[in-house]
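In case you want the letters, here they are:
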Amino acid sequence: MRVIWKQCREILDVRILLILALFTLLFFQLFLQILYPKNGKIFGGWANYPYAIELMKEFGTTIQVSDWSKLDAKEEELKKEYAEIISASEKCRAAGITTYDEMMEYEDKYINTYIETDGEMPEEERALGDEITDIMYEQAWELTYKLEYLEDLNTCKGSEFGMSKEEIEQVMSDWDINSAWVKKEYEDRLSRNYTSFMVIYVFDILWEDMPKMGILLSVSFFVLILYYQIRERLRGTIYLWATTRTGRKVFGRQFAACMLSCAVVGILQMIAYFAFFLKKGLGPLLACLCEPFNGPYLWCDQISYGLFFLIYAVFVFLFTLMSAGIAYLIGRVAANYIVGIAISIPVILGIALLAFRLFGEFLQVDTAIGLPYWELPCVVVCVGIMAAVVVWRLRRDKKIDFA
């Protein structure tokens, strides 16, 4: 144990850790969705979750179809607030637009006319269209996205959940689904008389960020291990260990130290990601069921989003430990840093492609595959193969004698 601890201290060199910390912050800033938006106003999917959290505080994480009148009352209140903003616009009053529904009706016509005329419109219509756009996305942008969220809920009621047996049978006959597993999953989802306030965008966040986190961890592990392994080779330490039976036992402890050091760095990087997640204000969504009203369909939609997050992070972490094993093997054969880097670049690219395939839409119902949780055994197989190769290498080390 003392040898492993000593090796860990050598691997976790302060200079390397500072470089990895800086690299992690830059990677987060440049590539991860969790830091969007960088400042100010929020749009698109990001604009839905604050109101979803507000509704959860009042109704809980789910709402029954029988309680839908409460949401309808909320929608009417928001439209009244919107009408007050619209009535303050002289151009809207002149055009006879006084309510939210009238404004949206005109906005649809305006967009269609703009497309049909390729932007060639009378000046008055263009000015009114600009005024409505300003109201929707500047003056009343929060109300706009709240109403959009409620309208999405209403649209999905009767099409994504809360359907009768006859309606489900009709939908199933229209959909071309061969897998019995997938068909049952859809039927169970459509027949539910409740839905979660979960916002689909938080799944998009993980589906975009977690494969990238796999790349971040893999690169970090390669830097940690290759720097240490090749440095030991250049010093001649590896050859010295190989000359005695006692020295050759160090190889196994060295590998354990490499994996332990990578585990520490990887866990810290995952904790940093979770900290940004909480800082974004998404914490309350962790208690929601994994079944947002407008998709996606997940095999595990009856567990909480927090547990889904944890499972996701654990399997990405296990997958990246495979890359740590690969880095160890490369470090054992690379004669110098240039060779190590040259071999590592295509290997990391391969790991990145595999990470996006496995974790791009983690645990989502896939009609093409039709096999539930197929990603989990794939990760286990990848890690198992790498573990077997490393074990073979360590056993071979016991027989090598450079004396």
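Everything that follows concerns the structure shown earlier in this document.
Since we're looking at a predicted model, the values are computed, not measured. Along each chain, numbering runs from 1 in the same order as the chain's sequence is written. Where totals are concerned, whole chains, interfaces and linings use all residues; where local detail is concerned, this predicted model gives features only for residues with pLDDT of at least 70, and gives and counts side-chain atom pairs only at 80 or more. Side-chain measures here rest on the full set of heavy atoms in the structure, leaving out hydrogens and waters.

Draft legend 1. Focus on the overall build of the protein. If you tally the helices and strands in the protein, you get 17 helices and 2 strands. In terms of C-alpha radius of gyration, the protein reaches 28 Å, well past the compact-globule figure of 22 Å for 403 residues. Its C-alpha atoms give the protein principal-axis dimensions of roughly 95 × 50 × 40 Å. Looking at the protein as a whole, 49% of its 403 residues qualify as buried. Counted over contacts in the protein with a minimum sequence separation of 6, partners at least 24 positions apart contribute 78%. Note on areas: these come from Shrake-Rupley sampling with a 1.4 Å probe, and a residue is covered only by the protein chains present in the view. Entry remark: accessible area of the protein is about 20,200 Å², with carbon and sulfur atoms responsible for 61%. Within this scheme the basic residues Lys and Arg register as positive and the acidic residues Asp and Glu register as negative, but His and the chain ends are omitted. One atom stands in for each charge, and that atom is NZ of Lys, CZ of Arg, CG of Asp or CD of Glu. The distance from the centre of the 39 positive side-chain charges to the centre of the 51 negative ones in the protein is 23 Å. Labels follow the DSSP assignment, with helices taken as runs of H or I lasting at least four residues and strands as runs of E lasting at least two, numbered in each case from the N terminus. Only the C-alpha atoms count toward the radius of gyration. The rule for a globule is 2.2 Å times the residue count to the power 0.38. Here's how the labels work: a residue is buried when its accessible area is under 20% of the maximum for its type, exposed when over 50%, partly exposed in between, all with a 1.4 Å probe on protein chains only. Residue contacts are counted whenever heavy atoms from the two residues lie within 4.5 Å of one another.

Draft legend 2. Representation of the pattern of salt bridges. When a carboxyl oxygen of Asp or Glu lies within 4 Å of a side-chain nitrogen of Lys or Arg, that pair is called a salt bridge. Enumeration according to the criterion identifies 11 salt bridges in this entry. Among the salt bridges present, the one from Asp 13 reaches Arg 15, with a minimum N-O distance of 3.1 Å. On the accessibility criterion, Asp 13 (14% relative accessible area) is buried. The partner of Lys 79 in a salt bridge is Glu 75, and the shortest N-O contact between them spans 3.7 Å. In this pair, Lys 79 and Glu 75 are both assigned in helix 4 (residues 68-87), 4 residues apart and thus about one turn of the helix distant. What makes Lys 79 buried here is its relative accessible area of 17%.

Draft legend 3. Highlighting the packing of helix 15 (residues 305-333) against helix 16 (residues 337-359). Where helix 15 contacts helix 16, the axes come no closer than 11 Å and their chain directions differ by 160°. Our classification of the angle between helix 15 and helix 16 gives roughly antiparallel. Viewed along their axes, helix 15 and helix 16 form a crossing whose handedness is right-handed. Residues Tyr 312, Phe 315, Val 316, Phe 319, Met 322, Ser 323, Ile 326 and Ile 330 of helix 15 pack against Gly 340, Ile 343, Ser 344, Val 347, Ile 351, Leu 354, Ala 355, Leu 358 and Phe 359 of helix 16. Broken down by class, the residue content of the contact of helix 15 with helix 16 amounts to 14 nonpolar, 3 polar and no charged. Angles here are taken between N-to-C directions and fall from 0 to 180 degrees, while the axes themselves are lines fitted to C-alpha atoms, restricted in helices to the stretch in contact. Every angle not falling under 35 degrees, over 145, or within 65 to 115 is termed oblique; those three ranges are roughly parallel, roughly antiparallel and roughly perpendicular. By definition, any crossing whose near helix is turned counterclockwise from its far helix by less than a right angle is left-handed, and any crossing with a clockwise turn is right-handed. In the scheme used here, Gly and all other residues not listed as nonpolar or charged are polar, with Ala, Val, Leu, Ile, Met, Phe, Trp, Tyr, Cys and Pro taken as nonpolar and Asp, Glu, Lys and Arg as charged.

Draft legend 4. A look at the nonpolar core. Residues belong to a common nonpolar core when they are buried Ala, Val, Leu, Ile, Met, Phe, Trp, Tyr or Cys residues joined through side-chain atoms within 4.5 Å. If you look at the biggest cluster of nonpolar residues, it comprises 111 residues, and the most contacted ones within it are Tyr 82, Tyr 149, Met 210, Tyr 273, Tyr 305, Phe 308 and Phe 359. Take this core: its biggest share by element is 17 residues, from helix 15. Non-local contacts of Tyr 305, meaning those with residues more than four positions away in its chain, are made with Met 198, Val 202, Phe 203, Leu 206, Phe 277, Leu 285, Leu 286, Cys 288 and Cys 290. One finds Met 163, Val 171, Val 182 and Leu 190 within the second-largest nonpolar core, a separate group that totals 11 residues.

Draft legend 5. Local environment of the environment of Asn 193. Along the chain, Asn 193 turns up in the loop between helix 10 (180-191) and strand 2 (194-196). Sequence separation between Asn 193 and Phe 317 is 124 residues, and the spatial gap between their C-alpha atoms is 36 Å. When sequence neighbours within four positions are dropped, the list of residues in contact with Asn 193 reads Gln 64, Val 65 and Gly 162.

Draft legend 6. Spotlight on the packing of aromatic side chains. Note on aromatic contacts: the rings of Phe and Tyr and the six-membered ring of Trp form a pair at centre separations within 6.5 Å, being stacked when their planes are under 30 degrees apart, edge-to-face when over 60 apart, and tilted otherwise. In the structure shown here, the tally under the stated rule is 30 aromatic pairs. Aromatic pair Phe 203 and Tyr 305: ring centres 5.3 Å apart, planes at 80°, arrangement edge-to-face. In this pair, Phe 203 sits in helix 11 (residues 201-235) while Tyr 305 sits in helix 15, placing the two residues 102 residues apart along the sequence. Accessibility expressed as a relative area gives 0% for Phe 203, which makes it buried. For the cation-ring pair, Arg 189 lies above Tyr 297, with the distance from its terminal atom to the ring centre recorded as 4.7 Å. We count a charge as sitting over a ring when the NZ of a lysine or the CZ of an arginine lies within 6 Å of the ring centre and within 35 degrees of the ring normal.

Draft legend 7. Expanded view of a negative patch on the surface. Patch construction takes residues with relative accessible area above 30% that form no salt bridge. Like charges are linked within 9 Å, and nonpolar side chains (Val, Leu, Ile, Met, Phe, Trp, Tyr) are linked within 5 Å. Residues Glu 123, Glu 124, Glu 125 and Asp 130 make up a contiguous surface patch of negative charge. You can see Glu 124 is positioned in helix 7 (residues 123-139).

Draft legend 8. Molecular detail of the side chain of Arg 192. By secondary structure assignment, the location of Arg 192 is in the loop between helix 10 and strand 2. A residue is classified by how much of its surface remains accessible, and Arg 192, at 12% relative accessible area, is buried. Apart from the residues within four sequence positions on either side, Arg 192 is in contact with Phe 161, Gly 162, Glu 291, Asp 301 and Gln 302.

Draft legend 9. How the structure looks around the environment of Arg 93. Along the chain, Arg 93 turns up in helix 5 (residues 90-94). When its relative accessible area of 43% is taken as the criterion, Arg 93 is described as partly exposed. Setting aside its immediate chain neighbours within four residues, Arg 93 contacts Ser 87 and Ala 88.

Draft legend 10. Spatial organisation of helix 14 (residues 250-279). The length a helix should cover is 1.5 Å for every residue beyond the first. With 30 residues, helix 14 extends 43 Å from end C-alpha to end C-alpha; this agrees with the ideal 44 Å at 1.5 Å per step. Two residues or fewer after helix 14 comes Gly 281, characterised by a positive phi angle close to 90°.

Draft legend 11. The arrangement of the side chain of Glu 185 in detail. With respect to the element layout, Glu 185 can be found in helix 10. Buried charge without a salt bridge: Glu 185, with Arg 192 as the nearest opposite-charge side chain at an N-O distance of 4.9 Å. Once residues lying within four places of it in the same chain are set aside, the contact partners of Glu 185 are Leu 298, Trp 299, Asp 301 and Val 365.

Draft legend 12. A look at unusual backbone geometry. For Leu 363, which is not glycine, the phi torsion reads 65° and is therefore positive. Note on Leu 363: relative accessible area 2%, which makes it buried. Positive phi, close to 60°, is recorded for Tyr 373, a residue that is not glycine. In this structure, Tyr 373 sits in the loop between helix 16 and helix 17 (375-397). With a relative accessible area of 32%, Tyr 373 lands in the partly exposed category.

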